[in-house]
There are 4 protein chains.
Amino acid sequence: MTKLTIAEMDRIAREDVPGVGQTGIVFEAIEDGLVRARLPFHVDSLRPGGTVSGPTMMGLADLVMYACVLSRIGIVKMAVTTNLNANFLRLPGAVDLIAEGRLIKCGRRLAYGEVTITSDGEPDEAVCHVTITYSIPPR
Amino acid sequence: MTKLTIAEMDRIAREDVPGVGQTGIVFEAIEDGLVRARLPFHVDSLRPGGTVSGPTMMGLADLVMYACVLSRIGIVKMAVTTNLNANFLRLPGAVDLIAEGRLIKCGRRLAYGEVTITSDGEPDEAVCHVTITYSIPPR
Amino acid sequence: MTKLTIAEMDRIAREDVPGVGQTGIVFEAIEDGLVRARLPFHVDSLRPGGTVSGPTMMGLADLVMYACVLSRIGIVKMAVTTNLNANFLRLPGAVDLIAEGRLIKCGRRLAYGEVTITSDGEPDEAVCHVTITYSIPPR
Amino acid sequence: MTKLTIAEMDRIAREDVPGVGQTGIVFEAIEDGLVRARLPFHVDSLRPGGTVSGPTMMGLADLVMYACVLSRIGIVKMAVTTNLNANFLRLPGAVDLIAEGRLIKCGRRLAYGEVTITSDGEPDEAVCHVTITYSIPPR
């Protein structure tokens, strides 16, 4: 069972991670180790070519994995990213992005998982695939 | 010799990559395949722990490598990131970040390099090390 | 439908990739974009701690992704790895390893996918998770 | 000053990591956090195209970074790789490979560094660039 509710994650995103959290990200589902979020399209996210920038997608993925980790271990805000590897597979259009995260391993000190990002309306075509390691502080 | 001036890169950052470019990034030096930039500290870049967020550093690194690539091939705006791998080594404090990028390879279709980020005043202690691949469109 | 049979892949592994292919790897299933293989335990794969070495797992993953790519595009031997990112999640014991690969994207020039490795008998505990990009030559 | 001699590393490679260590790798220089090694060309390392296989280069890089870590912390055999990210930049010919490793950070629990591989005789053209994280056990 998840140890993090959508309302809790909304507040964390807005208050604790202002740069990414105030982009309007909507957490649509949070289960134990599984999170889905939507990033509404915003013109500030564009880069040349009329496509959403890489950093926008990496910020989205990082926050989704943060939610995945907290859904398993509870609200441990000092969990921090140690590695993030992003592969950009297609140029998304100027539409909302959907990110689905999944914990692959959650140990005592390290958590690891993957996030797949698609364009809204094209669920079978990944635009970005990200793997992320979080370090969990001693509790 | 560089094919990109600081003035040109300033304009590209501001006009074409608003999300990252309007964070106040200052390009301090651009030579052929070598770029140094400073990201002034801003409270919006924080994450829990009073430290600069990972996505802030990845956005900085991605833009510095973009400048590295353009310094070699000229202003080809549709060069796009295909892979970015970031390792977060230390938590930076609430200070300016310095990013130094270096092209390792620039072929006809792919460019690859690394960016090392340090906290201002601590040049020997990397806080983040990033490797990035850019895809170069046919010209 | 797969464009690569198990018999074809066995021969490619044995004849064309001797270092990895002659370790006794068994391709158990090859479908379009999906491959499962088994690496029998061998004492030469050990590293300190009585555990299988990282390079052994990366060689296994790389060959499984090669099979995934060929299952989609046919036998194009000059498809080559351009990026491999491996995360080691648990120390496997001295047992067979099972690798399951899945193509996430296969474009005209680049293919990308993931491989999950588990210890035989523990299918729910990933020991290694690998993402790999292959470059496909013009045909 | 290095805490690992060439003679000690030769023995570790040969006895403890047979799969990679018995490929004939020669450690040419070991200083504190800096290691250079040569991998003599061997026909078993080939893959289609007459070029050295990716796993051969990853095994070389992993062992060189292992030596970098031990040169700093002493002989702690249970240091283990947690992440390895390899970018393959050029196809090496059928010649010896030279690998140069450099520790970027060595903390109490994690060490991180990079390895650049070139073909013998072409020191300015990286064929492979690898970043590696090692986990250091409590002592």
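Computed from a predicted structure; not experimentally measured.

Calculation rules
Residues numbered from 1 in each chain as written. Chains lettered and ligands numbered in written order. Predicted model: local features only at pLDDT ≥ 70, side-chain atom pairs only at ≥ 80, totals over all residues. Helix = DSSP H or I, 4+ residues; strand = E, 2+ residues; numbered from the N terminus. Rg over C-alpha atoms; globule rule 2.2 N^0.38 Å. Axes fitted to C-alpha atoms, helices over the stretch in contact; angles between N-to-C directions. Parallel < 35°, antiparallel > 145°, perpendicular 65-115°, else oblique. Left-handed = near helix turned anticlockwise from the far one by under 90°. Contact = placed C-beta atoms within 7 Å. Nonpolar A, V, L, I, M, F, W, Y, C, P; charged D, E, K, R; others polar. Pairing = 2+ DSSP bridges. Buried ≥ 20, exposed ≤ 12 C-beta atoms within 10 Å, placed from the backbone. Arc of directions from axis to C-beta. Core = buried A, V, L, I, M, F, W, Y, C linked by C-beta atoms within 7 Å. pLDDT = per-residue confidence, 0-100.

Colleague: Mind showing me how you'd approach the overall build of chain A here?
Modeller: Helices and strands together make up the secondary structure of chain A, namely three helices and eight strands. Shown N-terminal to C-terminal, the secondary structure of chain A runs as helices and strands in the order α-α-β-β-β-β-α-β-β-β-β. For a compact globule of 139 residues, the expected C-alpha radius of gyration is about 14 Å, and chain A comes in at 14 Å, within 12% of that figure. Projected onto its principal axes, the C-alpha positions of chain A cover 45 × 25 × 25 Å.

Colleague: What should I look at first to understand the packing of helix α3 (residues 54-73) of chain C against helix α3 (residues 54-73) of chain D in this one?
Modeller: If you want to describe how two helices pack, look at the angle between their axes and the distance between the axes. Put simply, α3(C) and α3(D) touch, their axes get as near as 9 Å, and they point 160° apart. It follows that α3(C) is roughly antiparallel to α3(D) by the angle criterion. At the point where α3(C) passes α3(D), the crossing takes the right-handed sense. Residues G54(C), P55(C), M58(C), G59(C) and D62(C) of α3(C) pack against G54(D), P55(D), M58(D), G59(D) and D62(D) of α3(D). Taken together, the residues of the contact of α3(C) with α3(D) sort by class into four nonpolar, four polar and two charged.

Colleague: Explanation requested: the sheet that holds strand β2 (residues 34-39) of chain D in the structure shown.
Modeller: Whether parallel or antiparallel, the strands of a sheet pair through hydrogen bonds between backbone atoms. Read across the sheet, 12 strands follow the order β1(C)-β2(C)-β6(C)-β7(C)-β8(C)-β5(C)-β5(D)-β8(D)-β7(D)-β6(D)-β2(D)-β1(D) without closing on themselves; strand pairing throughout is antiparallel. Edge positions in the sheet fall to β1 (26-31) of chain C together with β1 (26-31) of chain D, since each has one partner strand and no second. Between one strand axis and the next, the sheet turns by 15° as a mean value, whatever way the strands run. On the sheet, α3(D) packs against β5 (80-88) of chain C together with β1, β2, β5 (80-88), β6 (97-106), β7 (110-119) and β8 (126-135) of chain D and is oriented at approximately 45° with respect to β6(D).

Colleague: It is not clear to me how the interface of chain D and chain C should be interpreted in this structure. Could you clarify?
Modeller: Accessible area lost upon the coming together of the parts is a frequently used measure of interface size. Every contact between the two is made by 30 residues of chain D and, on the other side, 30 residues of chain C. Of all the secondary structure elements, the ones that give two or more residues to the side of chain D that touches chain C are α2 (18-21), β3 (46-47), α3 and β5 of chain D. It is β5(D) that contributes the most residues to the side of chain D that touches chain C, nine residues altogether. As judged from the five bridges shared by β5(C) and β5(D), these two strands associate in the antiparallel manner. Paired with L84(C) across the strands is A86(D), a residue of β5(D).

Colleague: For this particular structure, what's the right way to read helix α1 (residues 6-16) of chain A?
Modeller: Each α-helix winds once per 3.6 residues, and so residues spaced three or four apart point in a common direction. Residue and element names in this part refer to chain A. Looking at α1, one finds that the buried residues are M9, I12 and A13. Down the axis of α1, the smallest arc covering the buried residues is 95°, so these residues share one side. Away from the buried face of α1 by more than 90 degrees, exposed residues A7 and E15 are located.

Colleague: It is not clear to me how the nonpolar core should be interpreted in this structure. Could you clarify?
Modeller: Burial of nonpolar side chains together is a common tendency in soluble globular proteins. A61(A), A61(B), A61(C) and A61(D) are the most contacted members of the largest nonpolar core, which totals 172 residues. Not counting residues up to four positions away in its chain, the partners in contact with A61(D) are A86(D), A99(D), V115(D), I117(D), V130(D) and I132(D).

Colleague: Where do I start with the environment of V76(D) in this structure?
Modeller: Residues and elements named next belong to chain D. Assignment of secondary structure puts V76 in the loop between α3 and β5. With 15 C-beta atoms packed within 10 Å, V76 lands in the partly exposed category. When residues no more than four places from it in sequence are discounted, the contact partners of V76 are L70, I136, P137 and R139.

Colleague: Any chance you could explain the confidence of the model for chain A here in plain terms?
Modeller: The predicted structure's coordinates, where accompanied by low pLDDT, should not be read in detail. Averaged over chain A, the pLDDT score is 93; the fraction of residues at 70 or greater is 99%. Listed scores for the predicted complex are pTM 0.96 and ipTM 0.95.

Colleague: Any chance you could explain the sheet that holds strand β8 (residues 126-135) of chain A here in plain terms?
Modeller: Taken together, 12 strands build an open sheet; the order of strands is β1(A)-β2(A)-β6(A)-β7(A)-β8(A)-β5(A)-β5(B)-β8(B)-β7(B)-β6(B)-β2(B)-β1(B) and the sheet is antiparallel. Whereas interior strands pair on both sides, the edge strands pair on one side only; in this sheet they are β1 (26-31) of chain A together with β1 (26-31) of chain B. Along the sheet, successive strands turn relative to each other by an average axial angle of 15°, direction set aside. Sheet analysis places strand β6 (residues 97-106) of chain A next to strand β7 (residues 110-119) of chain A, joined by nine bridges and oriented antiparallel. Across the sheet, residue C106(A) finds its bridge partner in β7(A), namely A111(A). Running at roughly 45° to β6(A), helix α3 (residues 54-73) of chain A makes contact with β1, β2 (34-39), β5 (80-88), β6, β7 and β8 of chain A together with β5 (80-88) of chain B of the sheet.

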